[in-house]
Amino acid sequence: AGTSRLDTQPGSGMSFQLTAPRLLGFVTVLAVCSVALWPRMPSGVIIMWSLILHELGHIGIAFTQGSRDLTLGARLQYRILPILYVSNRTIYERSRLQRILYYSGGVLANLVLVAACFTVLHLVPDAAETQQHLALAVHTNAFLALINLYPLMFTDGFNILREILQVYDLRRLVMSHLVRPRDLLAVSRVAFAYYVFVLVSLVLLLARMVVAVAALL
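All values derive from a computational prediction rather than experimental measurement.

For the rest of this paragraph, the subject is the overall build of the protein. Each helix and strand counted, the protein has 8 helices and 4 strands in total. Going residue by residue from the N terminus, the α and β elements of the protein occur as β-β-α-α-β-β-α-α-α-α-α-α. Here the C-alpha coordinates of the protein stretch approximately 60 × 50 × 30 Å along the principal axes. Of all intrachain contacts in the protein linking residues separated by at least 6 positions in sequence, the fraction that spans at least 24 positions is 61%. In the form shown here, the protein has an accessible surface area of approximately 12,600 Å², with 71% of it arising from carbon and sulfur atoms. In the protein, which carries 17 positive and 10 negative side-chain charges, the distance between the mean positions of the two groups comes to 8 Å.

What follows is about the packing of aromatic side chains. Under the definition given, this model contains 6 aromatic pairs. Note on Y102 and Y103: the rings are 5.4 Å apart at their centroids and 55° apart in plane angle, and the pair reads as tilted. We note that Y102, like Y103, is buried. Measuring from ring centre to ring centre gives 5.4 Å for Y150 and F197, while their planes differ by 35°; the resulting arrangement is tilted. Note that Y150 is positioned in the loop between helix 4 (128–149) and helix 5 (156–165) and F197 in helix 8 (residues 189–216), a separation of 47 residues in sequence. Each residue in the set Y150, F158, Y194 and F197 is aromatic and connected to the rest through ring pairs, giving one cluster.

Calculation notes
- Residues numbered from 1 in each chain as written.
- Predicted model: local features only at pLDDT ≥ 70, side-chain atom pairs only at ≥ 80, totals over all residues.
- Heavy atoms only, no water.
- Helix = DSSP H or I, 4+ residues; strand = E, 2+ residues; numbered from the N terminus.
- Contact = heavy atoms within 4.5 Å.
- Areas by Shrake-Rupley, 256 points an atom, 1.4 Å probe, with all protein chains shown as cover.
- Lys, Arg positive; Asp, Glu negative; His and termini not counted.
- Charge placed at Lys NZ, Arg CZ, Asp CG, Glu CD.
- Phe/Tyr/Trp six-rings, centres within 6.5 Å; stacked < 30°, edge-to-face > 60°.
- Buried < 20%, exposed > 50% of the residue type's maximum accessible area, 1.4 Å probe, protein only.

Below is the structure:
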């Protein structure tokens, strides 16, 4: 996820300031670990690199825009959901279009991987194991692209929506009026509409989970 100083959420985790040497060292360590883990956990390596390349998409866009005050880390979002993130402390020094492009960087990286792996999948000879790995890469990156585009409050899609609406305190408004939606309507109709969207999304998600569990029983 691509975040800014205004997007910080409560949670615990670890992070480090990004410089080119540190980023190179980080990627090198991951590459070495991936080689060691591949024989036993190829699926885990594919998923890990899909997540890492998503964040590298944000980092690449930030670097091309001249941003250097970046932090890469991992934390528990809302103390529940483990995520990787990039914090860009100078994001609001960029234009609105540049910010949208930055927030889109991870999704763009995932979509490039989907296209590349899908193409290779249909070019390689019949090798079942290789095709399984490529298919997993396609599905994982497509899922990451879709889930990050969906504008819930912790996704890149939310940051893009916030830029489009130009309601930069949208998360704070919704979170501070969770049990007082009428007050939220009086404060901001846009925020209230988003509040309804979040509730409907959560209800649909819960209903889908109940159906899935019932199908297993």
